[in-house]
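# Tertiary structure, described
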Protein chains: 2
Amino acid sequence: MRIEGKNYIAGTRSSAGTVVVHSVDATTGEALSYDFFQATPEEVNAAAEAAAAAYPVYRALPATRRAEFLEAIAAEIDALGDDFVAIVCRETALPAARIQGERGRTSGQMRLFAQVLRRGDFYGARIDRALPERKPLPRVDLRQCRLGVGPVAVFGASNFPLAFSTAGGDTAAALAAGCPVVFKAHSGHMATAECVADAIVRAAEKTGMPAGVFNMIYGNGVGEALVKHPAIQAVGFTGSLKGGRALCDMAAARPQPIPVFAEMSSINPVLVLPEALKQRGAAIAKELSGSVTMGCGQFCTNPGLIVGLRSAEFSAFLEAFAAAMADQGPQTMLNPGTLKSYEKGLAALHAHPKVKHLAGQQQEGNQARPQLFQADVSLLLEGDELLQEEVFGPTTVVVEVADPAELVRALHGLHGQLTATLLAEPADLTAFAALVPVLEQKAGRLLLNGYPTGVEVCDAMVHGGPYPATSDARGTSVGTLAIDRFLRPVCYQNYPDALLPDALKNANPLGIQRLVDGQPSREAL
Amino acid sequence: MRIEGKNYIAGTRSSAGTVVVHSVDATTGEALSYDFFQATPEEVNAAAEAAAAAYPVYRALPATRRAEFLEAIAAEIDALGDDFVAIVCRETALPAARIQGERGRTSGQMRLFAQVLRRGDFYGARIDRALPERKPLPRVDLRQCRLGVGPVAVFGASNFPLAFSTAGGDTAAALAAGCPVVFKAHSGHMATAECVADAIVRAAEKTGMPAGVFNMIYGNGVGEALVKHPAIQAVGFTGSLKGGRALCDMAAARPQPIPVFAEMSSINPVLVLPEALKQRGAAIAKELSGSVTMGCGQFCTNPGLIVGLRSAEFSAFLEAFAAAMADQGPQTMLNPGTLKSYEKGLAALHAHPKVKHLAGQQQEGNQARPQLFQADVSLLLEGDELLQEEVFGPTTVVVEVADPAELVRALHGLHGQLTATLLAEPADLTAFAALVPVLEQKAGRLLLNGYPTGVEVCDAMVHGGPYPATSDARGTSVGTLAIDRFLRPVCYQNYPDALLPDALKNANPLGIQRLVDGQPSREAL
């Protein structure tokens, strides 16, 4: 595969700058041979302007046309072959089977958004017909539907080089909403990003999309200028709390503030309840160690906090869990920066006087070694920040609580989370039903007897949650509801049929469900 | 009516502070005799904590119970009699008939949200059933619905002392969503606020709501502590750009940033198209002068910019419009601060070398005198800030453009708006259809052959729009969609029926429409 390393602006390639950056072989740490040209301020501006120029054309296309575009992207992504997979593996140290699976997930979510576009519920079409006889005042005809907010800046994640990156969930949701995208290529997998960007551009050409519908820029520090560009109307981000918060602060300080949907930091508490421990404590210990170390623990939904009630069963579980964690081998992380952060996170846990190291070999060398810690419950009760911060990698912290009341207090001490999991038997659910409303306040997704590391892409998924899990708990970055983040409602008062969007025309030419005078209906008016 | 002037905290009255504030008779400027006790920092904290304590109880109530609460508020508001209307008139100088109408609108929107709660679409219920046989991986059962974000701080508007204030649209939307409210009483109508707060508290008691479901604080500067309080999870605001932006900045800078829905500044362009001027220029001049001066021009949707194409008809219209504006008498504004702002706004227009005064008596005395200005189109084309800022009161600015191309360029120069209006005949709509997509980008509501000052409360209304019309174009503060601002989705994975919210249970006990495996359905599963 040919990697040119030039920025993507309105369907052409641009390398006006002199700063050249490189991605590295994640396993060896060697710089790869591809040169990537850091976007100049003029190129960042041109990319945003290209998206702005494409916006009126792109958003005016019928939703079915946008669906065809997404499906063409899906086909192009599916067609990326073994040489592509090899590049991704080299840049991320993720195994080939994982990348092959992620490729299918990435094309699958493009196709799912195409379905949403055909289904038409994203329009949120509402019609209140005129009531000329109403007293004291007549009602005029009012109709509402949603349209894309405008160009969206997307920052991809390091840990999902396909599904949460160049053609990932945020890009898919924005393109589905009718919003052109300017994507900031992730510095950890720029060659991967280029292959995917090529796929998107090919799909755009094949389906006759405006040239600026997708743009991509390379380089360090170019994201700031992008977020501050007046043409950009929203931001999607997946990454660290520090990085996400910085973008939020920049966006809020713009002359025109814009929304940022940042998926950031979550420790994903897992509550192991007494009856479950009695019946299957050993199995849970084994499964949980697998979940914590799977993919080197590099998941937003990695279980970073395990909470149980003091008991003989919990002690036995802890012992089995520690043994299982001690058995887990070292793995290569996504990049040297990730490993460094992991080491820093471990050091902070080791240094805390109320945190005990239970299992794991001393962290050293070029790979991450799985670790298990136990923290005193006072850290949660007293709001110690240490436990709240995600340590990205194959480690987790156990907390033992004295009784159910302390469990509830400990949960109240948690910040917002992407997920919260109960490992429980029916008897536990009866005894601990009162935990559910607490968990609802803390997390976007509540699991029972599963592990949070799998995130299904579907209508009902929520991959979001209260701060700092995300910057806005009202959104999700996975699943079809993600499109809502990039839509805004517009109301038409007394407009003739010819000037209304198809979604609101009397004949209902799209055949979609609409809320008509307060009732859902697919009928023509 | 007895006005105690004490803060409302968890259903009791509190006057711990020593600072006493007063509202004034808007017509005479005299301070009214009621003492209002400015909330102390401890009282602000207590009000927020009361809302936080009420939240888990209140949000767990069936939606039908919340509907009964809203209907009880409506009944209490309808029962507020002539003595109440007299107080509102005294504090705002608005005429009794207007207040009576607004009372009906305020109770009406409470009842409309009760309908929304019974209809159940606000839940956004989505169910993806398990697919145990799916390859390569089975799908688990995933269900999603929405719940209230938590306690909401609401700041009411001066210009709608009932419909956008204590029990106004933001309060109704938040209470409907399951969010307790802390309301900052507007300093311009504190006695009004007390009467309405009493009505809400009576309704809460009658329907068995938790005591902290509604709280209200008086005083200057108490809003800042409220917005910064960690219990507060969202903010609703209607008022000035300066005030709204300050709240947005505070909220964004919190350790946990929260969304602010601020409805702020809009000049509501009205485009008078050639054929309409030919056929009914004189009528438009008359209607428009009525719309600009109605209610002393104190509407968020007041038409502050009139744009037409250079022609003999437009010149004739201008003459008629100037004559009609010159005929409009002075009116008393909501309060002395509003008059002062109006005078300042007029002075800036008078001082601009490219703005011409066309009609209106010299502004002086205690009332606002209607004014008409004409600005050179270069102000729009070159982005002069003067024209973008709302002058709150009975004044408007006319701009003449040379041709349709200049009209489009001028529109592109506008900031975000609540409304954009076309006054047009069918021939105009054919000739100027290309304006609609431009207006869609600029405003939340597009009107044809109407005046924007009437805002219907219904499902299809959008009272929102791109910045600075609001701080978040994805919301509306009028109409049932307003509830969305205060809801967030939660996903349940593999949860048993007993632990699911009613909206997601297999039997569909609420009988609501849900998205089941991608299809809308009211069936039980």
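Thresholds applied
- Residues numbered from 1 in each chain as written.
- Chains lettered and ligands numbered in written order.
- Predicted model: local features only at pLDDT ≥ 70, side-chain atom pairs only at ≥ 80, totals over all residues.
- Helix = DSSP H or I, 4+ residues; strand = E, 2+ residues; numbered from the N terminus.
- Buried ≥ 20, exposed ≤ 12 C-beta atoms within 10 Å, placed from the backbone.
- Pairing = 2+ DSSP bridges.
- Axes fitted to C-alpha atoms, helices over the stretch in contact; angles between N-to-C directions.
- Contact = placed C-beta atoms within 7 Å.
- Right-handed = clockwise from strand over helix to strand, strands pointing away.

Taking an unreviewed UniProt entry as the reference, chain A is identified by name as 2,5-dioxovalerate dehydrogenase belonging to Azotobacter beijerinckii.

One can find A:E4 in the segment before β1 (7–9). Among the residues examined, A:E4 registers 14 C-beta atoms within 10 Å and is labelled partly exposed.

For the rest of this paragraph, the subject is the sheet that holds strand β17 (residues 417–423) of chain A. Pairing is mixed across the open sheet formed by 12 strands, whose spatial order is β14(A)-β15(A)-β16(A)-β13(A)-β12(A)-β17(A)-β18(A)-β19(B)-β6(B)-β5(B)-β20(B)-β21(B). Two strands bound the open sheet, and with one partner strand each, they are β14 (355–359) of chain A together with β21 (519–521) of chain B. Neighbour-to-neighbour, the strand axes of this sheet turn through a mean angle of 25°, independent of strand direction. As judged from the four bridges shared by β14(A) and strand β15 (residues 371–375) of chain A, these two strands associate in the antiparallel manner. Following the sheet pairing, A:H357 is matched in β15(A) by A:F373. Sheet strands in contact with helix α9 (residues 274–293) of chain A are β12 (269–272), β13 (305–309), β16 (395–401) and β17 of chain A, and its direction is about 150° off that of β12(A).

On to the environment of A:I483. Residue and element names in this part refer to chain A. Turning to its location among the elements, I483 is positioned in the loop between β18 (443–448) and β19 (487–493). For the pair I483 and G365, spaced 118 residues apart in the sequence, the C-alpha separation amounts to 42 Å. Aside from chain neighbours lying at most four places away, what touches I483 is F113, V116, F122, A173, A176 and A177.

What follows deals with unusual backbone geometry. Of note, the bond from A:Y467 into A:P468 is cis; its omega dihedral lies within 30 degrees of zero at 5°. Inspection of the secondary structure assignment puts A:P468 in the loop between β18 and β19. In this structure, the amide linkage connecting B:K135 to the following residue, B:P136, adopts the cis form with an omega of 0°. Relative to the helices and strands, B:P136 is located in the loop between β5 (126–128) and β6 (142–148). A positive phi is found at A:A93, a non-glycine position, where the angle reads about 65°. With respect to the helices, strands and loops of the structure, A:A93 is situated in the loop between α3 (82–92) and α4 (96–119). Phi angles above zero are rare outside glycine, and B:A10 is one such case at about 50°. Positionally, B:A10 belongs in the loop between β1 (7–9) and β2 (12–14).

Attention shifts here to the pairing of strand β7 (residues 152–155) of chain B. For a regular strand, side-chain orientation follows a simple rule: the groups alternate between the two sheet faces. All names here are of chain B. Side chains of β7 alternate between two faces, with V152 and V154 and A153 and F155 buried alike. Looking at chain direction, β7 and strand β8 (residues 181–184) are connected through four bridges and run parallel. From the neighbouring strand, A153 faces β8, where its bridge partner is V182. Each parallel crossover has a hand, and for β7 linked through helix α5 (residues 169–177) to β8 it is right-handed. As paired elements, β7 and strand β10 (residues 234–238) share four bridges and run parallel to each other.

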